[in-house]
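So you can see what is in the structure, the chains are spelled out below.
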Amino acid sequence: MEVKFYDTVNDELLKFAVIISQSNGKWVFCKHKERDTYEVQGGHREAGEDIFETAKRELQEETGAIKFEIKPICVYSVTGKTRVNDTGEETFGLLCFAEITEFAKELHSEMEKVVLMDELTENWTYPLIQPKLIEKYLQIEKQSYSRIQMVAKQTIEYIKKIIKPGMNLLEIRKFCEEKLLELGADSFWYWDVGAFVFAGDETTVSVSGKQYVTSDRIIGNNDIITIDLSPQVGNIWGDYARTFIVENGMVVEDIGLIENPEWKSGLQMEEKLHIELLRFATKETTFEELYYHMNEFIVENGFVNLDFMGNLGHSIVKTKGDRVYIEKGNMTKLGDVKYFTFEPHIAFPDSKYGYKKENIYYFDENGLIEL
């Protein structure tokens with residue numbers, strides 16, 4: 001059995017559609033009435049039917065999905081004899097992904113039931129095919145997150161080069177949001193704000209995006225600026241923040257060259273916090289354990305946590321309301337989420353200046369790494 005993947009093929013070659021689906025972070029599998037195994041959704045194209053309509057129809061018939069978002073991923077082929085291919089010749093299908101938000105109460109198809117699973121099944125109907133399709137989807141999804149996070153990183157590098165004294169924060173926000181869109185974002189996931197921009201004593205402000213208003217503050221010859229970016233493409237998020245320093249009219253790229261000792265110490269502490277995260281966190285660490293450890297680490301080093309909720313980051317999901325936070329009482333393990341942010345917002349006690357550094361992290365076989 002050989003499975004291959006293609007960006008595209010001639011439409012007439014596409015004989016079936018297969019849909020990998022999730023609902024509220026869980027995998028959606030179906031159990032056929034005549035089988036004791038589990039499978040993702042899919043089926044053959046009907047005469048004259050658009051292949052993407054095939055995918056929608058099969059998803060609705062086999063899961064009872066009422067509300068969902070679906071998108072094509074790629075084309076794949078199978079060579080070898082299967083239950084539905086007696087000849088073994090190469091056959092082609094469209095692979096899609098769907099996020100289901102509402103199901104019908106009853107199924108009216110050959111499927112006996114729909115099962116939501118935290119982990120992938122080990123009892124596959126097509127064990128030589130469907131696990132490879134999900135592996136391909138996960139690979140493409142990771143690339144999508146990496147691309148949109150790179151858009152945010154490139155935007156920060158861009159804005160650092162054009163910031164100068166006399167610019168106001170509204171201009172900086174406009175430049176950032178235009179660059180995010182130019183580089184590939186199609187929208188902004190956090191309350192439709194692409195760039196949260198603060199300067200001077202505003203850098204200690206911790207505010208929900210719902211209440212955020214960009215001030216018309218002017219950048220000084222010596223100033224401190226925090227920019228927090230929230231680009232999105234489809235429902236794939238980027239999340240990236242940096243505090244940087246303007247001295248003598250220029251952004252100081254090297255922390256070690258910052259002249260103001262307080263500003264230098266604040267940014268060095270942010271670096272130290274992210275190093276400590278990488279040292280401390282494992283897949284088994286809970287969000288609550290990380291919350292207590294990092295907040296103690298902040299205090300031990302002479303700083304305070306400025307976040308208005310006291311948390312330090314959150315999971316990266318596809319709906320804002322599904323996020324879980326690095327906070328007290330959250331017993332979710334870090335390894336149970338695909339990606340999470342670490343964004344400590346800190347200051348020296350009673351200082352008017354705050355600091356922030358945010359990255360997205362995930363676990364692979366080698367441990368925790370930055371996206």
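This write-up is about the structure you can find in this document. Predicted model only: the values in this text are computed from it and were never measured. (Residues numbered from 1 in each chain as written. Predicted model: local features only at pLDDT ≥ 70, side-chain atom pairs only at ≥ 80, totals over all residues. Heavy atoms only, no water.)

**A look at the packing of helix 4 (residues 261-280) against helix 5 (residues 287-300)**
Then comes step 1: At a minimum axis separation of 11 Å, helix 4 and helix 5 run at an interaxial angle of 145°. Remark: the crossing between helix 4 and helix 5 carries right-handed chirality. Contacts between helix 4 and helix 5 involve M269, K272, L273, E276, L277, R279 and F280 on the former and, on the latter, E289, L290, H293, M294, F297 and I298.
Then comes step 2: Residues that form the contact of helix 4 with helix 5 fall into these classes: 8 nonpolar, 1 polar and 4 charged. (Axes fitted to C-alpha atoms, helices over the stretch in contact; angles between N-to-C directions. Helix = DSSP H or I, 4+ residues; strand = E, 2+ residues; numbered from the N terminus. Left-handed = near helix turned anticlockwise from the far one by under 90°. Contact = heavy atoms within 4.5 Å. Nonpolar A, V, L, I, M, F, W, Y, C, P; charged D, E, K, R; others polar.)

**Some words on the environment of K67**
Then comes step 1: Within the secondary structure, K67 is located in strand 5 (residues 65-79).
Then comes step 2: Spatially, the C-alpha atom of K67 lies 8.7 Å from that of E99, the residues being 32 residues apart in sequence.
Then comes step 3: Excluding anything up to four places from it in sequence, K67 contacts E99, I100, T101 and E102.

**So, unusual backbone geometry**
Then comes step 1: You will see that D192, though not glycine, has its phi angle at about 60°, which is positive.
Then comes step 2: The topology assignment puts D192 in the loop between strand 8 (187-188) and strand 9 (195-199).
Then comes step 3: For D350, which is not a glycine, the phi torsion comes out positive at approximately 65°.
Then comes step 4: Positionally, D350 belongs in the loop between strand 17 (345-347) and strand 18 (355-364).
Then comes step 5: The exposure class assigned to D350 is exposed, which follows from its relative accessible area of 84%. (Buried < 20%, exposed > 50% of the residue type's maximum accessible area, 1.4 Å probe, protein only.)

**Comments concerning the pattern of salt bridges**
Then comes step 1: Inspection of the entire model under this criterion finds 25 salt bridges.
Then comes step 2: Note that E49 is salt-bridged to R57, the shortest N-O span being 2.8 Å.
Then comes step 3: On the basis of relative accessible area, E49 is assigned to the buried category, the value being 14%.
Then comes step 4: For R57, a relative accessible area of 16% gives the class buried.
Then comes step 5: Among the ionic pairs, E157 bridges to K160, the shortest N-O distance being 3.3 Å. Here K160 and E157 lie together in helix 2 (residues 130-162), a separation of 3 residues that amounts to about one turn.
Then comes step 6: Note on E157: relative accessible area 33%, which makes it partly exposed.
Then comes step 7: Given a relative accessible area of 15%, K160 falls into the buried group. (Salt bridge = Lys/Arg side-chain N within 4 Å of Asp/Glu carboxyl O.)

**Quick notes on the nonpolar core**
As a rule of thumb, nonpolar side chains are buried together in soluble globular proteins.
Then comes step 1: Of all hydrophobic cores here, the largest spans 39 residues; its most connected members are I163, I172, V197, I225, I227 and L229.
Then comes step 2: Breaking this core down by element, the ones donating at least two residues are helix 2, helix 3 (169-183), strand 9, strand 10 (223-229), strand 12 (236-237), strand 13 (240-247) and strand 18.
Then comes step 3: Considering every element that reaches this core, the biggest residue donor is helix 2, with 6 residues.
Then comes step 4: Core analysis: the second largest hydrophobic core is formed by 29 residues, L290, I298, V337 and Y355 among them. (Core = buried A, V, L, I, M, F, W, Y, C linked by side-chain atoms within 4.5 Å.)

**Description of the packing of helix 2 against helix 3**
Then comes step 1: At a minimum axis separation of 9 Å, helix 2 and helix 3 run at an interaxial angle of 140°. Classified by the angle between their axes, helix 2 and helix 3 sit oblique to one another. The handedness of the crossing between helix 2 and helix 3 is right-handed. Contacts between helix 2 and helix 3 involve V151, A152, Q154, T155, Y158, I159 and I162 from the former and I172, F175, C176, K179, L180 and L183 from the latter.
Then comes step 2: Here the contact of helix 2 with helix 3 is built from residues that sort into 10 nonpolar, 2 polar and 1 charged. (Parallel < 35°, antiparallel > 145°, perpendicular 65-115°, else oblique.)

**A few points about helix 1 (residues 51-63)**
Then comes step 1: Between the first and last C-alpha of helix 1 there are 18 Å, a value that for 13 residues agrees with the 18 Å anticipated at 1.5 Å per step.
Then comes step 2: Along helix 1, the residues that are buried comprise I51, T54, A55, R57, E58, L59, E62 and T63.
Then comes step 3: Capping the start of helix 1, D50 holds a side-chain oxygen 2.9 Å from the backbone nitrogen of F52, two or three residues further along.
Then comes step 4: One or two residues past the end of helix 1 sits G64, with phi positive at roughly 75°. (Expected span 1.5 Å × (residues − 1). Polar contact = N/O pair within 3.5 Å; in protein donor to acceptor, adjacent residues only side chain to side chain.)

**Considerations on the pairing of strand 19 (residues 367-370)**
Then comes step 1: Note: strand 18 against strand 19, 4 bridges, orientation antiparallel. Residue pairing in the sheet places F363 in a bridge with L368 of strand 19.
Then comes step 2: Turn length for the strand 18-strand 19 hairpin, with the two strands adjacent in sequence and antiparallel, is 2 residues. (Pairing = 2+ DSSP bridges.)

**Here we look at the sheet that holds strand 12**
Strand pairs in the sheet, formed through backbone hydrogen bonds, run parallel or antiparallel to each other.
Then comes step 1: Reading across from one edge, 8-11-12 is the order of the 3 strands in this open sheet, with antiparallel pairing throughout. The open sheet has two edge strands with one neighbour each: strand 8 and strand 12.
Then comes step 2: Pairing of strand 11 (residues 231-233) with strand 12, which is carried by 2 bridges, proceeds in the antiparallel orientation. Across the sheet, Q232 pairs through a bridge with W237, a residue of strand 12.

**Brief notes about the packing of aromatic side chains**
Then comes step 1: Scanning the entire structure with this criterion turns up 17 aromatic pairs.
Then comes step 2: Relative to Y76, the ring of F16 has its centre 5.7 Å away and its plane inclined at 65°; by these criteria the two rings are edge-to-face. Of the two residues, F16 sits in strand 2 (residues 14-23) while Y76 sits in strand 5, which places them 60 residues apart along the sequence. For the pair formed by F16 and Y76, the shared burial category is buried.
Then comes step 3: Grouped by ring-pair contacts, the aromatic residues W189, Y190, F196, F198, Y212 and W237 constitute a single cluster.
Then comes step 4: Its guanidinium or amino end placed over the ring of Y158, K179 lies 4.4 Å from that ring's centre, counting from NZ or CZ. (Phe/Tyr/Trp six-rings, centres within 6.5 Å; stacked < 30°, edge-to-face > 60°. Lys NZ or Arg CZ within 6 Å of the ring centre and 35° of its normal.)

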